[in-house]
Amino acid sequence: MTFILGIESTSHTFGIGIVEKNDSNIRILANVYSKYVPAKGGIHPREASLHHAREAPQVLKSALNKAGIHIRDIDGIAVALGPGLGPCLRIGATLARFLASYYSKPLIPVNHAVAHIEIGKFVAGFTDPLVIYVSGGNTLIAIQRKKRYRVLGETLDIPLGNLLDTFAREVGLAPPYVVNGKHQVDICSDWGSNFIDLPYTVKGIDLSFSGLLTASLKHAEKARSKKELGDVCLSLRETAFDMIVEVAERALLLTGKKEVLLVGGVASNTALRQKLEAMATLHGAKYKGTSPDVSGDNGAMIAYTGLLLFLHGITIEPEKAFIKQRWRLDEVDLPWLPN
Ligand code: FE2
């Protein structure tokens, strides 16, 4: 049996997951996390890192208790070294270096974006999907080829999650931004019924959201009622999600993949899932979206990806475990991917 502990601290969430591999299967034994919620405004990296440092001991203890094992039983310590916010990444990396050195365990370097995709594939049972990865920090379309994930298209400016959160915050829709698969922008969309023309910017398989954000904020400023704000939310959501579906559809037809996988924090959004499922079904492809328990940032996805790396002998010395704030998905060689 192999046990891997995974540490996630790239952004607003500090999480620890533990996975177990025995002869026949892999199980997630624990997935505990604590999320930093800013009192006002967007994420403040230093405040988030203080939150992570404060919460780390309790989250670690609780994950080990849940898994019913002692840290001495763990075979490897996996940690997300990037991409992410420097101060936040440093908390996870410091804890990982300490645990690996003190308990003499191998340290496993995990790319956070790879982890979102791998946990999605694991839960969906997919082997060769077209990946649509949407979160607060990333928006991209990828496939696996020659032992790496290859990015076919991505946002040229802000990510989808950032668009939704910034709009909600600027127009005064309260946090938390996502409840039961509904973003505040979805809730607000239910108040509206009229569609307003907003900038729709798709360039091949790339997209751009900043013009859409600016125009939506201008319309929201002029809104004089809940219904009028609802019209802006509805139009913003439909425009942004249709852009995602268009680039995904173009990539699907180009690659001829038979599986469509939605991953990342925004994968829990019901409206987006429905649109992508309809598109995939239309082209005879299977669709799956990562379930909400593992779609947001979490330690289980780091532990699971750490396990795959560990089984392929990929570990590093603790003193070489540097954080990489801009560590791109397509820079990572992954021996288990096909040629
Ligand atoms: Fe993430």
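Procedures and definitions
Residues numbered from 1 in each chain as written. Predicted model: local features only at pLDDT ≥ 70, side-chain atom pairs only at ≥ 80, totals over all residues. Heavy atoms only, no water. Helix = DSSP H or I, 4+ residues; strand = E, 2+ residues; numbered from the N terminus. Rg over C-alpha atoms; globule rule 2.2 N^0.38 Å. Buried < 20%, exposed > 50% of the residue type's maximum accessible area, 1.4 Å probe, protein only. Contact = heavy atoms within 4.5 Å. Areas by Shrake-Rupley, 256 points an atom, 1.4 Å probe, with all protein chains shown as cover. Lys, Arg positive; Asp, Glu negative; His and termini not counted. Charge placed at Lys NZ, Arg CZ, Asp CG, Glu CD. Core = buried A, V, L, I, M, F, W, Y, C linked by side-chain atoms within 4.5 Å. Domains from an automatic or database assignment. Pairing = 2+ DSSP bridges. Axes fitted to C-alpha atoms, helices over the stretch in contact; angles between N-to-C directions. Disulfide = S-S within 2.5 Å. Polar contact = N/O pair within 3.5 Å; in protein donor to acceptor, adjacent residues only side chain to side chain. Buried area = accessible area lost by both parts, 1.4 Å probe. Salt bridge = Lys/Arg side-chain N within 4 Å of Asp/Glu carboxyl O. Nonpolar A, V, L, I, M, F, W, Y, C, P; charged D, E, K, R; others polar.

Draft legend 1. The arrangement of the overall build of the protein in detail. Per the secondary structure count, the protein includes 10 helices and 14 strands. Over its C-alpha trace the protein gives a radius of gyration of 20 Å, about what one expects of a compact globule, namely 20 Å for 339 residues. Projecting the C-alpha coordinates of the protein onto the three principal axes gives extents of approximately 60 × 45 × 30 Å. When the 339 residues of the protein are sorted by exposure, 54% land in the buried category. Look at the contacts in the protein between residues 6 or more apart in sequence, and 76% of them connect residues 24 or more apart. Carbon and sulfur atoms make up 51% of the accessible area of the protein, which amounts to about 14,700 Å² in all. Within the protein, the 33 negative side-chain charges are centred at a point lying 2 Å from the centre of the 38 positive side-chain charges.

Draft legend 2. Inspection of the nonpolar core at higher detail. Of all hydrophobic cores here, the largest spans 61 residues; its most connected members are L5, I7, I16, I18, I74, I77 and L329. When residues of this core are assigned to their parent elements, the largest contribution, seven residues, is made by helix α10 (residues 299-311). Looking at this core, you find at least three residues from each of domain 1 (2-117 + 294-331) and domain 2 (127-292). Dropping the residues within four chain positions of it, I16 is found in contact with L5, G6, I7, A30, N31, V32, V59, L60, A63, L95 and G299. Counting residues in hydrophobic clusters, the runner-up holds 49 residues, among them L130, L207, A220 and V232.

Draft legend 3. Just the sheet that holds strand β3 (residues 26-35), in detail. Spatial ordering of the open sheet is given by β3-β2-β1-β4-β5, a layout of five strands whose pairing is mixed. Unpaired on one side and paired on the other, β3 and β5 (107-111) mark the two borders of the sheet. On average, each strand axis in the sheet is inclined to that of its neighbour by 20°, with strand direction left out of account. Along the sheet, helix α1 (residues 45-67) contacts β1 (2-8), β2 (13-21) and β3; its crossing angle with β3, the most-contacted strand, is approximately 150°. Strand contacts of helix α2 (residues 86-102): β1, β2, β4 (76-82) and β5, with the helix running at about 155° to β4, the strand carrying the most contacts.

Draft legend 4. Focus on the state of the cysteines. For the coordinates displayed, the defined rule picks out one disulfide. Through a disulfide, C188 is tied to C233; the S-S separation comes to 2.0 Å. Between C188 and C233, the S-S torsion sits near 85°, and that sign places the bridge as right-handed. Taken together, the residues C188 in helix α5 (residues 184-189) and C233 in helix α7 (residues 226-255) connect sequence positions 45 residues apart. Each member of the pair, C188 as well as C233, is classed as buried.

Draft legend 5. Up close: the environment of E238. Relative to the elements of secondary structure, E238 occurs in helix α7. Exposure remark for E238: the relative accessible area of 19% places this residue in the buried category. The sequence separation of E238 and N269 amounts to 31 residues, and the corresponding C-alpha distance is 13 Å. With near-sequence residues (within four places) excluded, E238 lies in contact with F195 and K275. For E238, the side chain forms a polar contact with the side chain of R237, separated by 3.2 Å.

Draft legend 6. Layout of the domain arrangement of the protein. Split into domains, the protein comes out as domain 1 (2-117 + 294-331) and domain 2 (127-292). Domain 1 and domain 2 are separated by 27 Å when their C-alpha centres are compared. Of the roughly 1,400 Å² buried where domain 1 meets domain 2, counting both sides, 60% is carbon and sulfur surface. At the boundary of domain 1 and domain 2, one finds one salt bridge. Summed over the shared surface of domain 1 and domain 2, the result is seven residue pairs in polar contact (both at pLDDT 80 or more). Those elements that provide at least two residues to the side of domain 1 that touches domain 2 are α3 (112-124) and α9 (292-295). A per-element tally of the side of domain 1 that touches domain 2 places α3 first, with five residues. Residues that form the side of domain 1 that touches domain 2 fall into these classes: five nonpolar, six polar and three charged.

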